[in-house]
Amino acid sequence: MFLGDGPDGDADPLVLRPANCPHHAQIYASEPRSYRDLPVRYSELAPMFRAERSGVLSGLSRVRQINLDDAHVFCRPDQVAAEVRTAVVAVLEVLDTLGIEVSYLRLSGRDDSEKWLGEPGQWAAAEEALRVVLDDVASPADLPWHAEAGEAAFYGPKIDVQVLDTRGHEETLATVQLDFNQPERFDLTYVAASGERERVVMIHRGTVGAMERMVAFLLERHGGRLPFWLAPVQVCLLPLPDGGEALVDDVAADLRARGLRVRVERDGSLGNRIRLARERRDALIGVLGAREAASGAVAVTDPASGAKASVPLAELGDRLAEAARLRVPRVDL
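These figures come from a predicted structure and were not determined experimentally.

(A) Region of the structure containing helix H9 (residues 313–325). With 13 residues, H9 ought to run about 18 Å at 1.5 Å a step, and its terminal C-alpha atoms sit 19 Å apart, in line with that. Every buried residue belonging to H9 is among Leu316, Gly317, Leu320 and Ala323, and all of these are buried. One side of H9 carries all its buried residues, which in axial view fall inside an arc of 140 degrees. For H9, exposure combined with an orientation more than 90 degrees from the buried face picks out Ala314 and Arg325. Buried-residue contacts for H9 involve strand E12 (235–239), helix H6 (245–257), strand E14 (284–288), strand E15 (297–301) and strand E16 (308–312). Phi turns positive one or two residues past the end of H9, at arginine 327, with a value near 55 degrees.

(B) Spotlight on the packing of aromatic side chains. Under the definition given, this model contains five aromatic pairs. Pairing tyrosine 28 with phenylalanine 74 gives two aromatic rings, centres 4.7 Å apart and planes at 20 degrees, and the pair type is stacked. Taken together, the positions of tyrosine 28 in helix H1 (residues 21–28) and phenylalanine 74 in strand E4 (residues 65–75) put the pair 46 residues apart, joining distant regions of the chain. Among the residues examined, tyrosine 28 registers a relative accessible area of 1% and is labelled buried. Assessed through its relative accessible area of 0%, phenylalanine 74 is described here as buried. Ring centres of phenylalanine 154 and tyrosine 155 lie 4.9 Å apart, and the angle between their planes is 85 degrees; this geometry places the pair in the edge-to-face category. Overall, phenylalanine 154 belongs to the partly exposed group, its relative accessible area being 42%. Taken together, the aromatic side chains of Tyr28, Tyr42 and Phe74 make up a single cluster linked through ring pairs. Positioned above the aromatic ring of tyrosine 28 is the side chain of arginine 33, whose terminal nitrogen or guanidinium carbon lies 4.9 Å from the ring centre. The positively charged end of arginine 110 is found above the aromatic ring belonging to tryptophan 123, 5.4 Å away from the centroid.

(C) Representation of the nonpolar core in the model. With 40 residues, the main nonpolar core has Val84, Val88, Leu95, Ile100, Leu105, Ile203 and Met214 as its most contacted residues. Elements that contribute at least two residues to this core include exactly E4, helix H2 (80–97), strand E5 (104–109), helix H3 (120–138), strand E7 (158–164), strand E8 (170–179), strand E11 (201–205) and helix H5 (211–221). In terms of nonpolar packing, the next biggest core, distinct from the first, is built from 21 residues, Val262, Ala309, Val311 and Leu320 among them.

(D) Local environment of the side chain of histidine 24. Tracing the backbone through its elements, the reader meets histidine 24 in helix H1. A relative accessible area of 3% means that histidine 24 is categorised as buried. Within the local environment of histidine 24, its side chain forms a polar contact with the side chain of histidine 72, the two groups lying 2.7 Å apart.

(E) Just the pattern of salt bridges, in detail. Under the counting rule described, the total for this entry stands at 22 salt bridges. Residue arginine 85 is joined to aspartate 136 by a salt bridge in which the shortest nitrogen-to-oxygen separation is 2.5 Å. Taken together, the positions of arginine 85 in helix H2 and aspartate 136 in helix H3 put the pair 51 residues apart, joining distant regions of the chain. Taking relative accessible area as the criterion, arginine 85 reaches 36% and is therefore assigned partly exposed. Of the charged contacts, one joins aspartate 160 and arginine 106 as a salt bridge, the two residues approaching to 2.8 Å between their closest N and O atoms. Of this pair, aspartate 160 sits in strand E7 while arginine 106 is found in strand E5, placing the two residues 54 residues apart along the sequence. For aspartate 160, a relative accessible area of 1% translates into the label buried.

(F) Main features of the pairing of E15. Counted residue by residue, E15 has four buried out of five residues, so it is predominantly covered. Relative to E15, E14 runs antiparallel, the two sharing three bridges. Looking across to E15, one finds that isoleucine 285 is bridged to threonine 301. Bridge count for E15 against E16 is five bridges, and the pairing is antiparallel. Paired with threonine 301 across the two strands is lysine 308, which belongs to E16. Between E15 and E16, which pair antiparallel one after the other, the connecting turn spans six residues, and glycine 306 there sits at a positive phi close to 85 degrees.

(G) Representation of the sheet that holds E7. Across the sheet, seven strands lie side by side as E3-E4-E11-E8-E7-E5-E6; this open sheet has mixed pairing. Strand pairing shows two members of the sheet lacking a second neighbour, strand E3 (40–49) and strand E6 (145–149), which therefore form its edges. Going from strand to strand, the sheet's axes swing by 25 degrees on average, the running direction of each strand aside. Where E4 and E11 come together, five bridges link them in antiparallel fashion. From the neighbouring strand, histidine 72 faces E11, where its bridge partner is histidine 204.

Scoring rules and cut-offs
- Residues numbered from 1 in each chain as written.
- Predicted model: local features only at pLDDT ≥ 70, side-chain atom pairs only at ≥ 80, totals over all residues.
- Heavy atoms only, no water.
- Helix = DSSP H or I, 4+ residues; strand = E, 2+ residues; numbered from the N terminus.
- Expected span 1.5 Å × (residues − 1).
- Buried < 20%, exposed > 50% of the residue type's maximum accessible area, 1.4 Å probe, protein only.
- Arc of directions from axis to C-beta.
- Contact = heavy atoms within 4.5 Å.
- Phe/Tyr/Trp six-rings, centres within 6.5 Å; stacked < 30°, edge-to-face > 60°.
- Lys NZ or Arg CZ within 6 Å of the ring centre and 35° of its normal.
- Core = buried A, V, L, I, M, F, W, Y, C linked by side-chain atoms within 4.5 Å.
- Polar contact = N/O pair within 3.5 Å; in protein donor to acceptor, adjacent residues only side chain to side chain.
- Salt bridge = Lys/Arg side-chain N within 4 Å of Asp/Glu carboxyl O.
- Pairing = 2+ DSSP bridges.
- Axes fitted to C-alpha atoms, helices over the stretch in contact; angles between N-to-C directions.

Quick look at the structure:
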């Protein structure tokens, strides 16, 4: 594939990237590393492309271009457990914030077949390090975990974070993966305290994985409405000509100054504007008319729950900003 003109008048070559890992490995290999420099961590939210067959494409869950929350850690063997623990704790915290319940954690290891890269002793040590992490992380969180032979990637064992979708089907939302293959293939090393070059350990980690797949999962989990703090439009204000127009711009400016995402819808009948706001899945709908102007309040509706309340203007901004700060799924009206 070619794009534009190169320095010599030729088209610049482009390659559709199927994975971030080799690029991060090459960045690591671009300069000498000491044991004192480790761990080295690279993180990237990057577009990637897969030649998926048309028959397996499905909405946002399975697409040909994904934007992947991807990170790679290069560390010493004695740092593996700490780095894996950091990654797993981060995943659990993020999923809890998103309102996604983790079903269990899985240690995916090798079986007795010959399809695995690396020495069996290397695998055994790596799997034991992952077991230590799981014992340390799962118990305080009251999460079950178990090991499954044969579920590892061919290049190393991993910890998979398993969840159930709304149909009760199990899927993996996040993975922390050890890799024995790329450090060998790219000759990734560091200078140890002894002065000798030693092989680095590579860890693949993602917190939410593919953005498209995560959005699809959240929409499904929350019935098509993202939580209040994530909603593209958190408040849709609908002014009425009998008194709301004089207030709406000041109310919208105050909410926006607090970091809230606000839409003002002026055109059309009130009923039609409410219908459009519901169709867009706006998180809250606020009506401002003569009665609200007289009482110094906003008539607020939560379309998800049907809850309605008259919220004083003096409280509205503080309550909504606090709900966004705390990342609550729904605002308590």
